[in-house]
Amino acid sequence: MTDPRRDLPSVNALLESASLMPLLQRAPRAVVVEAIRVAIDDARREPGGAPAGDDAWARRVETVMNTHLQPSLRAVFNATGVILHTNLGRAPLAEAAVRAIQDTAAGYSNLEYDIDRGERGSRYVHAVALLRELTGAADAIVVNNCAAGLVLALNTLARGREVLVSRGELIEIGGRFRVPEIMAKSGARLVEVGSTNRTHTSDYAAAMSDRVAAIVKVHRSNFAVAGFVAEASVGELASLARDRQVPVLHDLGSGLLVSLERYGLPGEPTARDSIAAGASLVFMSGDKLLGGPQAGIVAGDPALIARLRSNPLARALRVDKLTLAALQATLALYRDPETVVRSVPVLAMLTAPVVAVRARADAVAARLRGHGIEVAVVDSTASVGGGAFPAARIASVALSITGDAVGVEARLRMGQPPIVGRIADGAVLLDLRSVAAAQDAAFGDALARALS
Ligand SMILES: *Cc1c(COP(=O)(O)O)cnc(C)c1O
């Protein structure tokens, strides 16, 4: 019996082979050597699977090398129909935000430098004027994300003391992140009031004592409650809290800055609504409905914000210059409430008329049929995601590919770039609402490549 493993070439023999020359021109020698090692190891583990001849070896090594050279984090097409998909990076940025990142990234900036005075400044001034303008709050601070904002505020205002929160608002918001656990990390002691479905202002009043440092209201993300339910409004909590001189902290989660009611998405409070109703501080994410970079925005009472700013923990939760650049540019787009629903991609995707989505789907389908690929255009339902408008179902349109749905889904996912869709009723559905309209041609090409 012959042992096919004895026939494996050496690393050096392959390195010197003419067939591998093009690879050495494409990548550093060390990368090619590593890919050759892996290819030989694979062949050894799988007797009989060794490539025959130098050209076949070169192709095998190239495949390994391409996988190794590929960055782990890369762009994908989100065809799930979930606009704020946390697993897919939440909000795609506006063009203006991308330009701002580019301008700030390549050189120096006045991140912590006061240009007018020619002296040291503070990174916390950036974006604050815009946030005041857009929320009606008197001051604001930007940190790493919304969860960080909550921890910072509770640690500053309530460490070692009590915080009142409704039982109906002790929620998990995805990625096993539970609001009560993150709040407990701040050193504040949570005191649950009310019941899962009903909490009244009187429940908060009954729990009030000298030990209470704040009332927290958490916007319910990811789910809706219906039926026999009651909750205390921010306004009611604010008047109770004013009497007792404790702040009301409102975790909005999403960071809606303009009402989307006239686009069929009612019921999500804006930051301005919450401030106007009397919240002392509001908390929001930069990369949910606001449509900007990952960030946590805390806006509200200037005396409280000043205390947050001087907590040493703020240093550990601070935001970087690229985030500030992108956030500032995104916020500036909100100055024009008419154009913002087109210039901020998340808002554009949420508010696009379904006829426009259908026209795009038809065009991509026609492109695919030109490549001999059979697809149907079907009605679909998109959703907001990211813990906002949990009950909203947005009319949408998808490409439907029938046949071996599991196989097709995998081929699309492993494509270049990857396309993430969903399987429903034995078909792969690719919802166009979560694909940027400007990317339709690239999306169609990627589909054609993956499917042909
Ligand atoms: C999403 C969410 C958070 C966390 O926001 P991050 O920016 O991801 O930290 C906190 N609270 C609520 C209600 C949320 O929906």
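Scroll up to find the structure.
In this report, the structure presented in the accompanying data block is examined. (Residues numbered from 1 in each chain as written. Predicted model: local features only at pLDDT ≥ 70, side-chain atom pairs only at ≥ 80, totals over all residues. Heavy atoms only, no water.)

Some thoughts on the overall build of the chain
Stated formally: In this text, helices come from DSSP runs of H or I with a minimum length of four residues, and strands from runs of E with a minimum of two, each type numbered from the N-terminal end. Throughout this description, buried means an accessible area under 20% of the type-specific maximum (1.4 Å probe, protein chains only), exposed means over 50%, and partly exposed covers the range between. Accessible surface area values rest on a Shrake-Rupley calculation with a 1.4 Å probe, where residue burial reflects the displayed protein chains alone. Charge assignment in this entry is limited to Lys and Arg as positive and Asp and Glu as negative, and neither His nor the chain termini are counted. Charge coordinates come from a single atom per side chain, which is NZ of Lys, CZ of Arg, CG of Asp or CD of Glu.
The helix and strand tally for the chain stands at 19 helices and 16 strands. Considering only C-alpha atoms, the chain reaches an extent of 90 × 50 × 50 Å along its principal axes. Per-residue burial for the chain yields a buried fraction of 48% across its 452 residues. Carbon and sulfur atoms form 51% of the exposed surface of the chain, whose accessible area is close to 21700 Å². The average position of the 49 basic charges and that of the 46 acidic charges among the side chains of the chain differ by 3 Å.

What to know about the packing of helix H3 (residues 29–45) against helix H4 (residues 54–69)
Under the convention used in this document: Only the contacting stretch of a helix is used when fitting its axis, a line to C-alpha atoms as for every element, and angles between N-to-C directions run 0 to 180 degrees. Crossing handedness follows the turn of the near helix against the far one: under a right angle anticlockwise gives a left-handed crossing, and clockwise gives a right-handed one. Two residues qualify as a contact provided that any one of their heavy atoms is within 4.5 Å of a heavy atom in the partner residue. Under the grouping applied here, Gly and all other residues not named as nonpolar or charged are polar, the nonpolar ones being Ala, Val, Leu, Ile, Met, Phe, Trp, Tyr, Cys and Pro and the charged ones Asp, Glu, Lys and Arg.
Across the interface, H3 lies against H4 with an axial gap of 8 Å and an inter-helix angle of 115°. The hand of the H3/H4 crossing is right-handed. In contact with Val31, Val32, Glu34, Ala35, Ile36, Val38, Ala39, Ile40 and Ala43 of H3, H4 contributes Trp57, Arg60, Val61, Val64, Met65, His68 and Leu69. Partitioning the contact of H3 with H4 into residue classes produces 13 nonpolar, one polar and two charged.

Quick look at helix H12 (residues 302–310)
Going by this rule: Comment: arc refers to directions from the helix axis out to C-beta atoms. Each polar contact in these results corresponds to two N or O atoms within 3.5 Å; when the atoms are within protein, one needs to be able to donate a hydrogen and the other to accept it, and residues that are neighboring in sequence are counted only if both atoms are side-chain atoms.
For H12, the full list of buried residues reads Leu304, Ile305 and Leu308. Buried residues of H12, viewed axially, fall in a sector of 100°; they line one side. Across from the buried face of H12, at angles greater than 90 degrees, the exposed residues are Ala303 and Ser310. Capping the start of H12, Asp301 holds a side-chain oxygen 2.9 Å from the backbone nitrogen of Ala303, two or three residues further along.

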